[in-house]
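Structural overview for review
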Amino acid sequence: MIEHLVPRILAKLLIPFILLFGLYVQFHGDFGPGGGFQAGVIFAAGIILYALIYGLDRARRVVTPGLVAFLVALGLLIYAGVGVTTLLLGAEFLNYNALDSHDPVHGQHLGILIIEFGVGVTVAAVMITIFYQFAGRLKTTRELEGDEADDEDEEEMTGSPR
């Protein structure tokens, strides 16, 4: 991998702010524009920028595919867990009023905050997974093309196929 100094320095400066902005969008989403989906995409963009600048292998060591798969499941469980909780409290699925029997408005805010967090985690993890799969496929294709070129070189040198 070719290492360019300027993009690496800029990435080191920008990535923390991208991730912080993703968190801002996540937790400000119930008061204004934003929410889980937008925050998840922004957060994933920060990780993808890291992978583009520092390489896919290094990104996979920092944010492992196992962790990403766990986060996909965790986000779904958070979302479904809120719905099941409202059912167990005697209300409809995802009726946030049941989350706080003393103050339904507080229940609405709490439910939306938790649901949006689950959505954000899942969206970020799925976007990272998609990137890892596409980027990994390109790497595998290049390795296979390199192996085929090596086989052709060997045939030319020995006069016989493998």
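Structural data are supplied above this passage.
I will try to describe carefully the structure that is included in this document. (Residues numbered from 1 in each chain as written. Predicted model: local features only at pLDDT ≥ 70, side-chain atom pairs only at ≥ 80, totals over all residues. Heavy atoms only, no water.)

Turning our eyes to something else, we now look at the packing of aromatic side chains. Scanning the entire structure with this criterion turns up four aromatic pairs. Judged by centre distance (6.2 Å) and plane angle (25 degrees), the rings of Phe21 and Tyr24 are stacked. Here Phe21 and its partner Tyr24 are both found in helix H1 (residues 5–28), three residues apart, which amounts to about one turn of the helix. For Phe21, a relative accessible area of 43% puts it in the partly exposed group. Measuring from ring centre to ring centre gives 6.4 Å for Phe131 and Tyr132, while their planes differ by 50 degrees; the resulting arrangement is tilted. The exposure class of Tyr132 is buried, given its relative accessible area of 3%. (Phe/Tyr/Trp six-rings, centres within 6.5 Å; stacked < 30°, edge-to-face > 60°. Helix = DSSP H or I, 4+ residues; strand = E, 2+ residues; numbered from the N terminus. Buried < 20%, exposed > 50% of the residue type's maximum accessible area, 1.4 Å probe, protein only.)

The next thing to look at is H1. With 24 residues, H1 extends 35 Å between its outermost C-alpha atoms, agreeing within 8% with the 34 Å of an ideal straight helix rising 1.5 Å per residue. By the largest-angle criterion, Leu14 marks the main kink of H1, which is about 30 degrees, and a proline, Pro16, follows within four residues. By the burial criterion, the buried members of H1 are Arg8, Ala11, Ile15, Leu19, Gly22, Val25 and Gln26. (Expected span 1.5 Å × (residues − 1). Bend = angle between axes of the 7 residues up to and from the residue.)

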